[in-house]
Amino acid sequence: MKKLFTILALASVSVAGMAQNSDNTVPVEKYSVATNSFWSNWFIQANVAGTAFYGDQEHGSNADLCKSPFKGFRNNLGFSVAVGKWFTPGLGLRTKFNGIWGRSVVSDNKETNANKYWMLNEQVLFNLSNMICGYSDTRVWNFIPYLGAGVARNMSADTYAANLGLGILNEFRLSKKVAINLELAWNVLEPTSDGVIGNGCCTSPLKTHDQQLSVEVGLTYNLGKATWNKTPDVEALRALSQAQIDALNAQLADAQTENDRLKNVIANQKPVKEVKTVKEIVAAPVSVFFNIGKSKIASRKDIQNVKDLVEVAKANNSKIVVTGYADSKTGSAKFNQTLSEKRAATVVNELVKLGVSRDNIEVNAAGGVNTLSPVSYNRRATVAIK
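So, here is what we can say about the structure in this document. Everything numeric in this text was worked out from a predicted model, so none of it was measured. What you see as residue numbers is a count from 1 along each chain, following the sequence as written. Side-chain atom pairs in this predicted model are given and counted only at pLDDT of 80 or more, local residue features only at pLDDT of at least 70, and totals for whole chains, interfaces and linings cover all residues. Each side-chain value is worked out from all heavy atoms of the structure, with water and hydrogens disregarded.

**So, the layout of surface pockets**
Consideration 1: Taken as a whole, the largest pocket encloses approximately 410 Å³ of empty space.
Consideration 2: Of the grid points, spaced at 1 Å and generated over the protein atoms alone, those admitting a 1.4 Å probe that cannot get out make up cavities, while open sets with protein on both sides within 12 Å along at least five of seven lines make up pockets; any residue with an atom within 4 Å of a point is treated as lining. Lining the largest pocket we find 22 residues, and of these D254, A255, E258, A284 and P285 sit closest to its centre.
Consideration 3: Among the elements of the structure, α4 (234-268), β9 (286-289), β10 (320-327) and β12 (380-385) are those that each provide at least two residues to the lining of the largest pocket.
Consideration 4: Top element by residues in the lining of the largest pocket is α4. It accounts for nine residues.
Consideration 5: The residue makeup of the lining of the largest pocket, split by class, is 11 nonpolar, seven polar and four charged. Grid points are joined across faces, edges and corners, and a volume is the space filled by probe spheres set on the points. Helix and strand assignments come from DSSP, with helices taken as H or I runs of at least 4 residues and strands as E runs of at least 2, each series counted from the N terminus. The residue classification treats Ala, Val, Leu, Ile, Met, Phe, Trp, Tyr, Cys and Pro as nonpolar and Asp, Glu, Lys and Arg as charged. All others, Gly included, are polar.

This is the structure we're talking about:
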């Protein structure tokens, strides 16, 4: 029995450490969740349990007995089974049965102390990992304290007793359905639970009640749907929609500017230059837009416009100029310069995918600018035919 307690204690430290390291080195996605149906997130558990018993009478004539939980006259092996449900990622209920071999400490003779009992508890579970760090369906280690109350039956002494308990459940995820349990629990029972009443010499509540310490190891199996759905990220959707609107408005602004320029060209050109003017209209610069601080293209629809311009460049064997920009209102000048270079490089990679040789691409980075209004229009890269 002593070996069992020692092995379980060492396993708790080493596996918990391993799980913590995993969380530190492997990022996990944490998010808010939607409420699941009543039939989701149920689980069952089965454990092997090692228990150590402390009777209220030990503070009287048997006060000199060793208090170590590893003593054979005090501990015994048993088992526990439980069924429960998580109502949120952080709050659940569990009904737990444990027994069935125990000790009642009346002497230092384990045979004399042997008894049979069962204990039935209703417990409230608090998954602090989800409460504090946010829900993640890939987290390796879940730290779950709990509180509970119930009734105990000592079949050898033919007694019943109420009990209160608390404990810590550690769950180590093996898969979406299965987890390893490592649990430490402490129960306080009425002094009649072991059929022996102390002499009443003590006033401390703990010294006038029977107590049980237990360490358990086993498995949890999740029934049915065992995960939680993400809630829609309204802010992200709104930001994406706004980015797309900003991109369209900026494209309209670019088109208007180019239209005004071409009107001036037409007004100052002789009729024989009309063919060249039409060609310039087809080859108007195209803008590719980005979200704030990002170098990933905000909308793939922009690439379709770039593709049309690429076809014109290929047909006329023209070079292409890519210029990256950032808005000067956000970030430092150094940051914006680097960001504009990354945005330009992103668009260059897209041009190469469309069949344009890198030798035919000229790349510029303008850094942070404030040439367009609103400021979000400046978060772009332009593609033009040289």
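**With respect to the pattern of salt bridges**
Between side chains of opposite charge, pairing is possible as soon as their charged atoms come close.
Consideration 1: One side-chain nitrogen of Lys or Arg within 4 Å of one carboxyl oxygen of Asp or Glu is enough to make a salt bridge. Throughout the structure, instances matching the rule amount to 11 salt bridges.
Consideration 2: Residue E183 is joined to R94 by a salt bridge in which the shortest nitrogen-to-oxygen separation is 2.9 Å. Linking E183 in strand β7 (residues 178-189) with R94 in strand β3 (residues 91-103), this pair joins segments that are 89 residues apart in sequence. Of the two residues, E183 and R94, neither departs from the other in class, the shared state being buried.
Consideration 3: Between K96 and E183 there is a salt bridge; the shortest N-O distance is 2.7 Å. Taken together, the positions of K96 in strand β3 and E183 in strand β7 put the pair 87 residues apart, joining distant regions of the chain.
Consideration 4: Among the charged side chains, a network of salt bridges with common partners joins R94, K96, E183 and E216. Under the scheme applied here, a residue whose accessible area is under 20% of the maximum for its type counts as buried, over 50% as exposed, and between as partly exposed, the area being computed with a 1.4 Å probe on protein chains only.

**Quick look at the nonpolar core**
Consideration 1: Here, the term nonpolar core denotes a set of buried Ala, Val, Leu, Ile, Met, Phe, Trp, Tyr and Cys residues that are joined through side-chain atoms within 4.5 Å. Core analysis: the biggest nonpolar cluster contains 19 residues, and V306, I320, V322, V347, L351 and V383 have the highest contact counts within it.
Consideration 2: Elements supplying a minimum of two residues to this core: β9, α6 (301-315), β10, α7 (333-353) and β12.
Consideration 3: Counting residues per element, this core draws most heavily on α6, at five residues.
Consideration 4: Once residues within four sequence positions are removed from consideration, V306 is found in contact with V286, V288, L351, L354 and V383.
Consideration 5: Core analysis: the second largest hydrophobic core is formed by nine residues, L125, Y135, I144 and L169 among them. Whether two residues touch is decided by their heavy atoms; if any such pair falls within 4.5 Å, the residues are in contact.

**Observations concerning the packing of aromatic side chains**
Consideration 1: Pairing of aromatic side chains requires ring centres within 6.5 Å, counting the rings of Phe and Tyr and the six-membered ring of Trp. Pairs whose planes differ by under 30 degrees are stacked, by over 60 edge-to-face, and all others tilted. One pass over the full model with this rule turns up nine aromatic pairs.
Consideration 2: Between F97 and W118, the ring centres sit 6.4 Å apart and the planes meet at 25°, which makes this aromatic pair stacked. Here the residue F97 occupies a position in strand β3, and W118 occupies one in strand β4 (residues 114-126), the gap between them amounting to 21 residues.
Consideration 3: Take F97: its relative accessible area is 25%, and that puts it in the partly exposed class.
Consideration 4: Relative accessible area serves as the criterion here: at 23%, W118 is assigned to the partly exposed category.
Consideration 5: Seen in terms of ring centroids, W141 and F143 are 6.1 Å apart; in terms of plane orientation they differ by 75°. Their pairing is edge-to-face.
Consideration 6: Given a relative accessible area of 17%, W141 falls into the buried group.
Consideration 7: Over the face of the ring belonging to F38 we find K85, whose NZ or CZ atom lies 5.5 Å from the ring centre.
Consideration 8: Counted as over-ring charges are cases with an Arg CZ or a Lys NZ within 6 Å of the ring centre that also lie within 35 degrees of the ring normal. In this structure, K85 packs its charged tip against the face of F87, placed 5.3 Å from the ring centre.

**Re the side chain of D254**
Consideration 1: Structurally, D254 can be placed in helix α4.
Consideration 2: Residues adjacent in sequence count toward polar contacts only when both atoms are side-chain atoms; beyond that, a polar contact is any pair of N or O atoms within 3.5 Å, and within protein one must be able to donate a hydrogen and the other to accept it. Within the structure, D254 has its side chain in polar contact with the side chain of S287 (distance 2.4 Å).
Consideration 3: With residues near it in sequence (within four places) discarded, D254 still touches S287, L372 and R380.

**A few points about the sheet that holds strand β11 (residues 361-369)**
Consideration 1: Strands are treated as partners if at least two bridges between them are detected by DSSP. Reading across from one edge, β9-β12-β10-β11 is the order of the four strands in this open sheet, with mixed pairing throughout. The open sheet has two free edges, formed respectively by β9 and β11, since each of these has just one partner strand. Sheet twist, expressed as the average angle between the axes of neighbouring strands with direction ignored, equals 20°.
Consideration 2: Where β9 lies against β12, four bridges are found, and the strand directions are antiparallel. Each residue of the ladder has a partner; that of V286, found in β12, is V383.
Consideration 3: Against the sheet, α6 contacts β9, β10 and β12, and its axis sits at roughly 150° relative to β9.
Consideration 4: Axis geometry follows a simple rule: fit a line to the C-alpha atoms, using only the stretch in contact for helices, then measure angles between N-to-C directions, giving values from 0 to 180 degrees. Relative to β11, α7 is tilted by about 150°, and along the sheet it contacts β9, β10, β11 and β12.

**Some points on a nonpolar patch on the surface**
Consideration 1: For patch building, the residue pool is restricted to those with more than 30% relative accessible area and no salt bridge; the joining distance is 9 Å between like charges and 5 Å between nonpolar side chains (Val, Leu, Ile, Met, Phe, Trp, Tyr). In short, Shrake-Rupley with a 1.4 Å probe defines the accessible areas, and a residue's cover is counted only from the protein chains shown. A surface patch of nonpolar side chains, about 460 Å² in accessible area, is lined by F38, W39, F87 and L93.
Consideration 2: Inspection of the secondary structure assignment puts W39 in the loop between α1 (2-25) and β1 (42-54).

Worth remembering: the numbers are spatial, not functional.
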